[in-house]
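Listed below are the residues making up each chain.
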Amino acid sequence: MTSPSIWQTTRFDLDLAERPLVMGIVNVTPDSFSDGGQHADALSAINFCERLLGEGVDILDLGGESTRPGAPRLDADEEWKRLEPVLRAALNFGVPVSVDTCKTEVMRRALDLGVDIINDVQALRDEGADRLLAEHGSAGICLMHMRGQPAGMQQLTEYDDVVLEVADFLRERMRHLVDIGVAAERITLDPGYGFAKTVDQNLELQRRQRELLALGRPLLIGWSRKSTLGAVTGKAVDERMPASVGAALASVALGARVVRVHDVGPTVDALKVWQAFGASQG
């Protein structure tokens, strides 16, 4: 029987019932929307991973290609060149390591090294990605909702009901994976805040986030520093830490079990206070 609180990954079975987990973003890129270039070389990225460990990160999420709105595509070899040395180091740090990629070949190489989680903004729709993960047998998977490609996704924002359509998409992708042999315990779901959605749609999806719990798998949420938070607060991207922490707490209050963030230390501290106050999640 599927447990909605367990997330199975390559090396770790994560119990999400005890507390929500913090996934720290490590962008090994020159052009990510918030911190592009800050950790673009391997040594800087590895040092940043070690800093996040000191701040209490639960999961490291490494990305070698920007998925910001309008971002150009990168070939698999270049993406892997950025990721490989950081991934090899991170796998020795004693926490689950995720690779944020939508390319089957990059997934294959990461899985061969022993990565714990594949975090895919395109929900394993690249050719062969679904079968690759089915054959692996244990790696964790995050399926995210997005339409189109990052370069043009913000032209694809027409929905009759954004929450129902996101739920239908995630349900179909999860059902497909289970049908080809992926254990449901390996899957988490991400509604894709900021991906092919307007500000109003993002806010509607957030307000009704609990409806997605009916899908039966943990929600992994990424609000950190996104443009909707800028629209709400009027703050530039480098001034959105308080808003991002607030969004993480609001997401947990509405059922999220993993929050993907840039600002690990402040988020970890906020969640500790949240739990000490006896707040209920889920």
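Everything below is about the structure printed above this text.
Notes on the structure in this doc start here.

Conventions we followed
- Residues numbered from 1 in each chain as written.
- Predicted model: local features only at pLDDT ≥ 70, side-chain atom pairs only at ≥ 80, totals over all residues.
- Heavy atoms only, no water.
- Pairing = 2+ DSSP bridges.
- Helix = DSSP H or I, 4+ residues; strand = E, 2+ residues; numbered from the N terminus.
- Contact = heavy atoms within 4.5 Å.
- Axes fitted to C-alpha atoms, helices over the stretch in contact; angles between N-to-C directions.
- Parallel < 35°, antiparallel > 145°, perpendicular 65-115°, else oblique.
- Left-handed = near helix turned anticlockwise from the far one by under 90°.
- Nonpolar A, V, L, I, M, F, W, Y, C, P; charged D, E, K, R; others polar.
- Buried < 20%, exposed > 50% of the residue type's maximum accessible area, 1.4 Å probe, protein only.
- 1 Å grid on protein atoms, 1.4 Å probe; cavity = no way out; pocket = protein on both sides within 12 Å on 5 of 7 lines; lining within 4 Å.
- Points joined across faces, edges and corners; volume = space filled by probe spheres on them.
- Polar contact = N/O pair within 3.5 Å; in protein donor to acceptor, adjacent residues only side chain to side chain.

For the rest of this paragraph, the subject is the sheet that holds strand S4 (residues 59-63). Read across the open sheet, the 8 strands follow the order S8-S7-S6-S5-S4-S3-S10-S9; overall the sheet is parallel. Two strands in the sheet have a free side with no partner beyond their single neighbour: strand S8 (187-190) and strand S9 (220-221). Most of the contacts of helix H5 (residues 162-179) go to strand S7 (residues 140-144), to which it runs at about 150°, and overall it touches S7 and S8.

Here the focus is the packing of helix H1 (residues 42-54) against helix H2 (residues 76-90). The interhelical angle for the contact between H1 and H2, taken along N-to-C directions, is 30°, at an axis separation of 9 Å. As far as their axial angle goes, H2 and H1 are roughly parallel. In this structure, the crossing between H1 and H2 has a hand that is right-handed. Together, Ala42, Ala45, Ile46 and Cys49 of H1 and Pro85, Val86 and Ala89 of H2 make up the contact between the two elements. When the residues that make up the contact of H1 with H2 are grouped by side-chain class, the tally is 7 nonpolar, no polar and no charged.

Taken together, the buried positions of helix H4 (residues 129-136) are Ala129, Asp130, Leu132, Leu133 and Ala134. Looking at the buried positions of H4, the neighbouring elements they touch are helix H3 (104-113), strand S6 (117-120), S7 and H5. Positioned one or two residues after H4, Gly137 has a phi angle of 95°, which is positive.

Once that is clear, we can look at empty space enclosed by the protein. For the structure on display, the rule yields 2 cavities of 30 Å³ or more. Reported here for the largest cavity is a volume of approximately 90 Å³. Lining the largest cavity are 13 residues, and of these Glu65, Ser66, Thr67, Cys102 and Val121 sit closest to its centre. Class assignment of the residues belonging to the lining of the largest cavity gives a composition of 5 nonpolar, 5 polar and 3 charged. As a volume, the second largest cavity reaches approximately 50 Å³. In this structure, the second largest cavity is lined by Ile221, Gly222, Trp223, Ser224, Ser244, Ala247, Ala248, Val259, Arg260 and Val261. Every element with two or more residues in the lining of the second largest cavity is listed here: helix H8 (241-253) and strand S10 (258-261). Here the lining of the second largest cavity is built from residues that sort into 6 nonpolar, 3 polar and 1 charged.

This part is about the side chain of Thr267. Looking at the element boundaries, Thr267 is found in helix H9 (residues 264-276). From its side chain, Thr267 meets the backbone oxygen of Asp263 in a polar contact 2.7 Å long. With sequence-adjacent residues up to four places away left out, Thr267 is seen in contact with Val22, Val245, Ala248, Val259 and Val261.

This is a description of form; function is not addressed.
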